[in-house]
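The residues making up each chain are set out below.
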Amino acid sequence: MSPCNSVESEPESEYQETEDALPVLEHESQLLDDYHLQKLAAHMPPKSQCYPWQLVYSTAIHGTSLRTLYRNMAGLDSPVLLVIKDMHKKIFGAFCSDPLRVSKYFYGTGETFLFTFSPDFQHYRWSGENSYFMSGNWESLQIGGGGGCFALWLDSDLYHGASFSCPTFHNAPLSTHEDFTVLDVEVWTVSI
């Protein structure tokens, strides 16, 4: 039986024709509506599509702590979707090929991408210029890098953040302000 639908006999090629199918969220999102889900699902790697999304971390439920975010992802071995809402009500984030964790070096793959819905949906795929996908320590979380800037940076309290253009994704800043204050964070895992 396919995780995409309950009909056993349908060939796999028909699943890709269902572009309007929304991901199944196992919890209610405070940040993502159907429009967000449709746009994000269309750009996720094929191996991540058609599987339910599980909420791993939410500032509304778990508080504002990078340590808790890392702890909630311990033992995961699947991609994650990091979604941020800033004080200006802008939604943006990253699809990460690997769970977020403390690491001495950058890790991840070229499946990692950035996105923003400010003002319209934009996504930024790996440029191939470097492999600075993601890195974490107890003081901050970084996604993308090079040239002294991170595409996305969050502090240990998940309160202050920054987003700059960087060589990893050749992205524009994801928020309307390069330095921003976080209103809410959700992290979803795509169970494969």
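In what follows, the structure referred to is the one given above.
What you are looking at is a predicted structure, and each value in this text was computed from that prediction instead of being measured. (Residues numbered from 1 in each chain as written. Predicted model: local features only at pLDDT ≥ 70, side-chain atom pairs only at ≥ 80, totals over all residues. Heavy atoms only, no water.)

Chemist: Would you explain the overall build of the protein in this entry?
Modeler: A count of helical and extended segments in the protein gives three helices and ten strands. For the protein, the N- to C-terminal ordering of α and β elements is α-β-α-α-β-β-β-β-β-β-β-β-β. A burial count over the protein gives 45% of its 192 residues as buried. Taking contacts inside the protein between residues at least 6 apart in sequence as the whole, the part at least 24 apart equals 57%. Accessible area of the protein: about 9,500 Å², with a carbon and sulfur share of 48%. (Helix = DSSP H or I, 4+ residues; strand = E, 2+ residues; numbered from the N terminus. Buried < 20%, exposed > 50% of the residue type's maximum accessible area, 1.4 Å probe, protein only. Contact = heavy atoms within 4.5 Å. Areas by Shrake-Rupley, 256 points an atom, 1.4 Å probe, with all protein chains shown as cover.)

Chemist: Sorry, what's going on with the packing of aromatic side chains here?
Modeler: Aromatic rings in a pair are described by how distant their centres are and how their planes are angled relative to each other. Under the criterion given, the structure shown has eight aromatic pairs. Seen in terms of ring centroids, F95 and F113 are 5.4 Å apart; in terms of plane orientation they differ by 20 degrees. Their pairing is stacked. Within this pair, whereas F95 is found in strand β3 (residues 91-96), its partner F113 is found in strand β4 (residues 113-116), the two being separated by 18 residues in sequence. Owing to a relative accessible area of 0%, F95 belongs among the buried residues under this scheme. With 5.4 Å between their ring centres and 65 degrees between their planes, W126 and F133 make a pair best called edge-to-face. What makes W126 partly exposed here is its relative accessible area of 37%. Owing to a relative accessible area of 2%, F133 belongs among the buried residues under this scheme. Site record: aromatic cluster; members linked through ring pairs are Y35, F115, F117 and F121. The residue whose ring lies beneath R101 is Y107, and the NZ or CZ to ring-centre distance is 3.9 Å. (Phe/Tyr/Trp six-rings, centres within 6.5 Å; stacked < 30°, edge-to-face > 60°. Lys NZ or Arg CZ within 6 Å of the ring centre and 35° of its normal.)

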